[in-house]
Amino acid sequence: MLSDIPLSVWLLSAALGAISWLWLSRRIHAGTDVSSVPMPPGASWIWGHERTVMQASAGEAHIQWLNMLGTTIVRIRGALQTPDILVTGDPAAAMHILQNHPYDYQQGSIIRPLTARILGKSLVWVQEESEHRRMRAIFNPSLTSSSIREAMPEFFSLVRKICDELQVVCLSANDSAATVNMVGWVERATLSMTSRLAFMQDYSQCPEGRAILNIWRKMASAIISPFGTAAFLLLRRFSFLNKVPLKSIKEQFEVRSTIQRQVQEKMADHPVTKDQGADGTDFLTRLMRLHVKGSIGVQELKDHITVFVIGGSETTAQTAAYTIWELARHPEIQARLRTECAQFDGRELTHEELHTRLPLLDAVVRETLRLHPAVPYMERQATKDDVIPLQYPFTTPEGRTISQIAVRAGQTIVVSTPCYNRSDLVWGDSSVFRPARWFDESLPQTSLTSWSGLLSFSTGARHCAGYRLALTEIKVLVYSLIARFAFEDTGDAIKSCVTMSVQPYLAGEAHKGPNLPVRLRALSED
């Protein structure tokens, strides 16, 4: 608990924070428009607004403040007297930061070390433009539609195994129905599909794969806890703590270490020489070919695999779980979707059929990604002085209309995906799960150019490289599950927090870790 942290730590933190805040805030905000950006009330002298952000469900505090102040950008107090942070869901601001100037706004001193510990120094971590483009070119061939198309039969086979296990669980319960944690089940399924592209095997069935899932849940549970919140905020103020061998920091290496041990074994089992290529089209084989040519080192190879496996499974799992949860809460939409899917009699679909013959499934997935983006915050730090435009200007108490914000190098800005995806200015009834909006010809027109006009996969040069894979995995899962199970709402109150991705959990039971309960009822095969 926060109260367990020694008083000496609070006193030292407060003293150092007050001194550095005076200098940093004057430097970063001098000669800028940041001070004119409205600030919500209720900031704590120690924790600023940040503890409120972390204690609320992902994006909720930001959305409430924007609605209260009537703007698309707010200024919040940083924890432990760090300089004020800008939070925005404005389409023009997001376009400017993420698409027009992606390399001028980089990860800050807390996010980048966390990324390196969990994912390694690969595509998500790299900041410099030429290196990012080089790494992007390494990933792209394994994430094309043609690569995913070839894996479709195995995707359906892998998901069928998960459905078979779920059916046993349901049929063993009373009334052929059982309440299950959808997060845990779909994590196994997405890990299976992603590891097929990475290794040509079902990683979820081997001890290392099960270890990854267990370690990830353990790490997510630690971050969800009150102590995890305090630790995160302390790291923002005292970045040197990233180098201290604390237990919580060591645990963040475990997932990456487990994957990379497996990679090392596979490289030993299937050696490749300059005179002999490696058979196969999986990601690891492609990386091994690059390695023997001298294009990449062993550690870079391992880090790329780590990003591929974790990035391709963890974030996708959260979206898939939320899709089933939303269908459970909207039985009429679920029934229509089951009818749409039934036209194929439960057979395996081709890639084209999956993405072009099921319009309601496509709309349901888009709507889930709008309401429940797996990565809700994109925190960036300006590397140089700049001016950020706003599509929706605001008026100051003095009557000035502000349509752009001048910022100094070092300014932290959070592009909040929920603030845009759930903005009434953009979407109208933004809080309503309404897949039918994707059939409307009057979808919002904004300055943001991105997949479906959403920020769920980011935008610009650093947008999600694996979005095609994610969409395919989610649709294969939902199509397969809805043919064999009815989804029923349990009525439980759900909250969420952010680790590397959104983690749902039962309200009041954060200590039990990620959980999104849905009651599954096995359908008759008649």
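Just so it is clear, the model here is predicted, and its values are computed rather than measured.

**Student:** Mind showing me how you'd approach unusual backbone geometry here?
**Tutor:** Residues other than glycine predominantly adopt negative phi, and peptide bonds predominantly adopt the trans conformation. The phi dihedral of Leu80 is positive, around 55 degrees, even though this residue is not glycine. As for its position among the elements, Leu80 is in the loop between strand E1 (73-76) and strand E2 (85-88). Exposure remark for Leu80: the relative accessible area of 4% places this residue in the buried category. The backbone phi angle of Gln81 is positive, close to 65 degrees, even though this residue is not glycine. Within the secondary structure, Gln81 is located in the loop between E1 and E2.

**Student:** What is the right way to look at the side chain of Arg75 in this model?
**Tutor:** For Arg75, the location among the structural elements is in strand E1. Looking at Arg75, the relative accessible area reads 13%, which means it is buried. Separated by 3.2 Å, the side chain of Arg75 and the backbone oxygen of Val34 make a polar contact. Polar contacts involving the side chain of Arg75 include one to the side chain of Asp84, which spans 2.9 Å. Once residues within four sequence positions are removed from consideration, Arg75 is found in contact with Val34, Ser35, Val37, Pro38, Met39, Pro40, Asp84, Ile85 and Leu86.

**Student:** Quick question: what am I supposed to make of helix H5 (residues 111-119) here?
**Tutor:** Every α-helix winds through 3.6 residues per turn, so residues three or four apart in the chain are directed the same way. Among all positions in H5, only Leu114, Thr115, Ala116, Arg117, Ile118 and Leu119 are buried. At the exit of H5 stands Gly120, carrying a positive phi of roughly 90 degrees.

**Student:** It is not clear to me how the pattern of salt bridges should be interpreted in this structure. Could you clarify?
**Tutor:** Where side chains of opposite charge bring their charged atoms close, a pairing between them can arise. This model, assessed by the stated rule, comprises 26 salt bridges. Between Asp362 and Lys475 there is a salt bridge, with the nearest N and O atoms lying 2.7 Å from each other. Linking Asp362 in helix H17 (residues 359-371) with Lys475 in helix H20 (residues 467-482), this pair joins segments that are 113 residues apart in sequence. For Asp362, a relative accessible area of 18% translates into the label buried. Note on Lys475: relative accessible area 2%, which makes it buried. The residue Glu367 makes a salt bridge to Arg370 at a minimum N-O spacing of 2.9 Å. In this pair, Glu367 and Arg370 are both assigned in helix H17, 3 residues apart and thus about one turn of the helix distant. Side by side, Glu367 and Arg370 carry an identical accessibility label, which is buried. The structure contains a network of salt bridges with shared partners spanning Glu367, Arg370, Asp429, Arg434 and Arg437.

**Student:** Help me understand the packing of aromatic side chains in this model?
**Tutor:** Scanning the entire structure with this criterion turns up 9 aromatic pairs. Pairing Phe283 with Phe308 gives two aromatic rings, centres 4.5 Å apart and planes at 20 degrees, and the pair type is stacked. Residue Phe283 is found in helix H13 (residues 283-292), and its partner Phe308 is found in helix H14 (residues 298-329); the two are separated by 25 residues along the sequence. Phe283 gets classed as buried once you look at its relative accessible area, which sits at 0%. By relative accessible area, Phe308 is classed as buried at 4%.

**Student:** Before we go on, may I ask you to explain the sheet that holds strand E12 (residues 517-522) in this structure?
**Tutor:** Adjacent strands of a sheet pair through backbone hydrogen bonds, lying either parallel or antiparallel. Reading across from one edge, E4-E12-E9 is the order of the 3 strands in this open sheet, with antiparallel pairing throughout. Each having just a single partner strand, strand E4 (177-181) and strand E9 (485-488) make up the two edges of the open sheet. Direction aside, neighbouring strands of the sheet carry axes that sit 35 degrees apart on average. Across 4 bridges, the pairing between E9 and E12 is antiparallel. When the sheet's bridge partners are listed, Glu488 is paired in E12 with Arg519.

**Student:** Please explain the environment of Gln318 as it appears in this structure.
**Tutor:** Examined against the element boundaries, Gln318 turns out to sit in helix H14. Setting aside residues no more than four positions away along its own chain, Gln318 makes contact with Val183, Glu187, Ser501, Val502, Gln503 and Pro504.

**Student:** For this particular structure, what's the right way to read the confidence of the model for the protein chain?
**Tutor:** Detailed reading of the predicted coordinates is not advisable wherever pLDDT falls low. Averaged over all residues, the pLDDT of the protein chain equals 87, while 87% of them reach at least 70. When the elements of the protein chain are averaged for pLDDT, helix H1 (residues 7-29) gives the smallest value, 47, and helix H15 (residues 331-342) the largest, 98. The low-confidence segment residues 1-5, where pLDDT is below 50, has 7 contacts with residues more than four positions distant or belonging to other chains. Here residues 21-31 scores under 50 on pLDDT; set against residues more than four positions off or in separate chains, the count is 21 contacts.

**Student:** So what exactly am I meant to see when it comes to the packing of H15 against H17 here?
**Tutor:** Between two packed helices, the angle of one axis relative to the other and the distance separating the axes together describe the packing. Running from amino to carboxyl end, H15 crosses H17 at an angle of 140 degrees, the nearest separation of the two axes being 8 Å. Our classification of the angle between H15 and H17 gives oblique. Residues Ile333, Arg336, Leu337 and Glu340 of H15 lie in contact with H17, whose contacting residues are Pro359, Leu360, Leu361 and Val364. Residue composition of the contact of H15 with H17, grouped by class: 6 nonpolar, no polar and 2 charged.

**Student:** Can you help me understand the side chain of Ser416 in this one?
**Tutor:** Looking at the element boundaries, Ser416 is found in strand E8 (residues 412-416). Residue Ser416 is classed as buried on the basis of its relative accessible area of 0%. In terms of polar contacts, Ser416 uses its side chain to reach the side chain of His62, at 3.5 Å. For Ser416, the residues in contact, after removing those within four places along its chain, are His62, Val87, Thr88, Gly89, Pro376 and Tyr377.

**Student:** Please explain the pairing of E1 as it appears in this structure.
**Tutor:** Every other side chain in a regular strand lies on the same face of the sheet, so the side chains alternate between the two faces. Every second residue of E1 is oriented toward a common face, with Ile73 and Arg75 on one face and Val74 and Ile76 on the other, all of them buried. Judged from the 4 bridges that link them, E1 and E2 form a sheet pairing that is antiparallel. Of the residues in E2, the one forming a bridge with Ile73 is Thr88.

How each quantity is defined
- Residues numbered from 1 in each chain as written.
- Predicted model: local features only at pLDDT ≥ 70, side-chain atom pairs only at ≥ 80, totals over all residues.
- Heavy atoms only, no water.
- Helix = DSSP H or I, 4+ residues; strand = E, 2+ residues; numbered from the N terminus.
- Buried < 20%, exposed > 50% of the residue type's maximum accessible area, 1.4 Å probe, protein only.
- Polar contact = N/O pair within 3.5 Å; in protein donor to acceptor, adjacent residues only side chain to side chain.
- Contact = heavy atoms within 4.5 Å.
- Salt bridge = Lys/Arg side-chain N within 4 Å of Asp/Glu carboxyl O.
- Phe/Tyr/Trp six-rings, centres within 6.5 Å; stacked < 30°, edge-to-face > 60°.
- Pairing = 2+ DSSP bridges.
- Axes fitted to C-alpha atoms, helices over the stretch in contact; angles between N-to-C directions.
- pLDDT = per-residue confidence, 0-100.
- Parallel < 35°, antiparallel > 145°, perpendicular 65-115°, else oblique.
- Nonpolar A, V, L, I, M, F, W, Y, C, P; charged D, E, K, R; others polar.

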